[in-house]
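Spelled out, the chains give:
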Amino acid sequence: MACEFNLNFLKELEREAVLEVLYRDQMVRKTEEERIRKLKLQLQQLRWKGARNVNHEYQERSCARCQKSLGLLMNRGAVCNGCSHRVCSECRVCLNPCLWKCTVCYAHGDVKVKAGEWFFEERAKKYPGEAKGCRLTIRLLCGLWICDHGNFKTANILCFLTLGISHLQELGQSKSFNKSVENLVLSLTTHIKKISKSQNDMADRRLLTTDYGQNVERRKQRRSQSDTAINITSRVSILLYNITSSPTSDAVFCDGRKHGSLYSLNSTCTESGNFGKANVTGEIEFAIRYIFKACILEICIKGCKNLAYGEEKKKKCNPYVKVYLLPDKSPRSKRKTAVKKSTVDPEFDETLKYKIEYSQLGSRQLQISVWHAGALKYRVFLGEVVIPLAAWNFEENSMQLFNWYQLKPKQHLKPSAELTNWLFHMINAPVSGKKDPGVPNCQLQVMIFGAKNLPMLRSAGMPNSFVKGCLILPDQAEVKRKSPVLKKEAFPQWKHLFVFDGVTPPQLQQSCLHLTVWDKSSFSSSDQFLGGAKLGAEESLGSADPVPPSVLQWQEVLRSPNTWMDFTLVLHSNKENFKS
Amino acid sequence: MTDGDYDYLIKLLALGDSGVGKTTFLYRYTDNKFNPKFITTVGIDFREKRVVYNSRGPNGSPGKAFKVHLQLWDTAGQERFRSLTTAFFRDAMGFLLMFDLTSQQSFLNVRNWMSQLQANAYCENPDIVLIGNKADLSDQREVNERQAKDLADKYGIPYFETSAATGQNVEKAVDMLLDLIMKRMEQCVDKTQVSDTANGGSSGKLDSAKPEEKKCAC
């Protein structure tokens, strides 16, 4: 069952309303849980009172509950129907004239009734396998989350989830841990990461502090704002660990198709910063080669030396190596070696392979990191090496030899930073003077065709991409255009026409067109930059530099008005260089 | 009202066509107020109320008094919310199936609602009370009492004619449902706890259910 709850039919305000109700329901459930917990605790205490009796010799005739000694003729006590213990007449509760139970058995039954277990038992007859917790709420929440591509506020869901986390755990243990929850958890972590990031650059605080009822208010008061994000991250990561380490959910995950999800959950943890950090020391030895015939990139991991201890105090280290072919951080791009036990000088001798076109390698970076695998999925980062493959000469034999590389602390890789060469396909339609080229009333038309090989920034799927066009005129005025969003396509085909009106050819000579591709975030404030390309006059180029192709292309366009020119542009990932 | 000082949490759910007065009915029950304005419910909602339930011993002797926390779910009658609302049926322990005494159509649809319940409730024959609302609008009445009573008998469920406007029978209907649930609960427990004493349990009867506190959730 994918997601039973397709809640797309709800309007945004309606979703808010439903969420609000779910939230209130969650409060009721919390109270109820707490009440049941207390009831069970009391029952436990009642049991213990009697349990002390077990240490006494049983022959010594005494009541199993109050431990009053029982007589041989008078006040002999009687055996309880439920627990078969002999109890005195005072420790009995009469259910009807011919049936009684000892206090503990009665309390046990009473707790069951008061906890509403009769209901769950009855329901389980009709719906076997239904967890008694608030599966419904969680399923609805998934529905809300999944259909939420609008401006729905993350904060609401985050608050809700931190509240409902115990239920998610419960869900993780139930057998029908379904795809939607998986997605929910994944996208949740992605968003939390995003939020944490924006918290770091102090940019977008509103996301987390969006008012949601009193709860958030209270939370705001209790914690400092920057604290909040971190706190939530760690709480959710803990949850993730719990889910993956629970045996039942593992079993679900391990069936072929879902295998990847397990891994992605894992790495979401390690990627989101919830892992131990050791002082990075040591080196790693590996070799890289590309087999041209088979289009396979091979990374031979030989071993490491002088690694830091994953757990310094215990002098424990179980290292393994994990490799990503960045910018793809999805499970597809992940390769791992086996874990070596108790060593800081492990020898792996493993070859990790990627099937990849040679032309793509230039845009990739190999991230080779070393990790310590502790107990209960606890991970400690031991160091990494990042190798930009653009600079790698795969044809040179000497580059294929094994080499030692110094391990480095985690580098803050901005998504798609310094990664270039995303192919951008477009047909450019230039300058159609209205019959008379001298007249200032001209148009620049740009047909955006499509893009391919867009970087995968999210772990949970394809980008919802759109294109922004920004024409910068000589007086620094900016004319902006935007394409519609294409949802979940790796190779989007917008076929969208940008029309820039009222520009003259002389103006265009001095102008520059910035085209940027974005991943539309579900939350309008933080669209992710996927790449950008320029056409036209460069503002500050030293005369020594060769004329870049973008300038030549631009001039070509201007030279031939009223004709369509077809270009494929390379997308660059340095966001700062583009106006949008 | 979020303290856990109660003995039972009982979840009821009101269902029926759009506009029969589910929301006003519950509002009358929890707050003892009437809102004549029609505001369509968005998907789902709930109200809370705490009542005292007096159980009776087997020979009619007064038993213990229990504090019951009622969670009264309100559902949208509109078709477009159907997939959402029916999902909540599964979590409810008893149902207030409502129709509008001034609308023949809403009465005819009771059958559909019954089959919805059979399909989606926690068991095949859950506790239901049939409620004909808007009894105060006698001049506009389209459903006569006999008709409704017959249908209720056919399903073997109690029937009440209520008015959220005047408050007539509102408490009575809910109390009856609560009583049914408490009895069923005792039976379920008896079956498991008291292995072979068939009618061992005490039968409860609701004392006019003086609410301990009257507050609504919102």
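Structure: see above.
All figures in this text were calculated on a predicted structure; none of them were measured in a lab.

So, on to the interface of chain B and chain A. How big an interface is tends to be stated in terms of the accessible area lost upon association of its parts. Contacts between the two partners involve 45 residues from chain B and, on the opposite side, 37 residues from chain A. Carbon and sulfur atoms supply 61% of the area that chain B and chain A bury against each other, a total of about 3800 Å² over both sides. Counting across the chain B and chain A interface gives five salt bridges. A salt bridge links Glu14 of chain A to Arg80 of chain B, with the shortest nitrogen-to-oxygen separation between them at 2.2 Å. Where chain B packs against chain A, one counts 13 residue pairs in polar contact (both at pLDDT 80 or more). Breaking the side of chain B that touches chain A down by element, the ones donating at least two residues are strand 1 (8-16), strand 2 (44-56), strand 3 (62-75), helix 2 (82-89), helix 4 (110-120) and helix 6 (170-193) of chain B. Counting residues per element, the side of chain B that touches chain A draws most heavily on helix 6 of chain B, which supplies seven residues. The class makeup of the residues in the side of chain B that touches chain A is 25 nonpolar, ten polar and ten charged.

Looking now at the sheet that holds strand 12 (residues 379-388) of chain A. Residues and elements named next belong to chain A. Spatially, five strands are ordered 5-12-11-8-9 in an open sheet, and the strand pairing comes out mixed. Two strands close off the open sheet at either side, each with one partner strand: strand 5 (276-277) and strand 9 (334-336). Where strand 8 (residues 319-326) lies against strand 9, three bridges are found, and the strand directions are antiparallel. From the neighbouring strand, Val323 faces strand 9, where its bridge partner is Arg335.

Pairing is possible between side chains of opposite charge, provided their charged atoms come close. All names here are of chain A. Counted according to the given criterion, the structure contains 28 salt bridges over all chains. Put simply, Glu478 and Lys480 hold a salt bridge, and the shortest N to O gap is 3.7 Å. Since its relative accessible area comes to 35%, Glu478 is described here as partly exposed. For Lys480, a relative accessible area of 45% gives the class partly exposed.

All names here are of chain A. Across the sheet, which stays open at both edges, the four strands sit in the order 17-16-19-20 with antiparallel pairing between neighbours. The open sheet has two edge strands, strand 17 (478-482) and strand 20 (528-536), and neither has a second partner. Across the sheet, the mean angle from the axis of one strand to that of its neighbour is 20°, orientation sign disregarded. Where strand 16 (residues 465-472) lies against strand 19 (residues 512-519), eight bridges are found, and the strand directions are antiparallel. From the neighbouring strand, Ser465 faces strand 19, where its bridge partner is Asp519.

A few words now on the layout of surface pockets. There is about 750 Å³ of room inside the second largest pocket. Lining the second largest pocket are 37 residues, and of these Thr23, Thr24, Lys37, Ile39 and Thr41 of chain B lie nearest its centre. Mapped onto the lining of the second largest pocket, the elements with two or more residues apiece are helix 1 (12-55) of chain A together with helix 1 (22-31), strand 2 and strand 3 of chain B. Looking at side-chain class alone, the lining of the second largest pocket contains 16 nonpolar, twelve polar and nine charged residues.

Rules and cut-offs
- Residues numbered from 1 in each chain as written.
- Chains lettered and ligands numbered in written order.
- Predicted model: local features only at pLDDT ≥ 70, side-chain atom pairs only at ≥ 80, totals over all residues.
- Heavy atoms only, no water.
- Contact = heavy atoms within 4.5 Å.
- Buried area = accessible area lost by both parts, 1.4 Å probe.
- Salt bridge = Lys/Arg side-chain N within 4 Å of Asp/Glu carboxyl O.
- Polar contact = N/O pair within 3.5 Å; in protein donor to acceptor, adjacent residues only side chain to side chain.
- Helix = DSSP H or I, 4+ residues; strand = E, 2+ residues; numbered from the N terminus.
- Nonpolar A, V, L, I, M, F, W, Y, C, P; charged D, E, K, R; others polar.
- Pairing = 2+ DSSP bridges.
- Buried < 20%, exposed > 50% of the residue type's maximum accessible area, 1.4 Å probe, protein only.
- Axes fitted to C-alpha atoms, helices over the stretch in contact; angles between N-to-C directions.
- 1 Å grid on protein atoms, 1.4 Å probe; cavity = no way out; pocket = protein on both sides within 12 Å on 5 of 7 lines; lining within 4 Å.
- Points joined across faces, edges and corners; volume = space filled by probe spheres on them.

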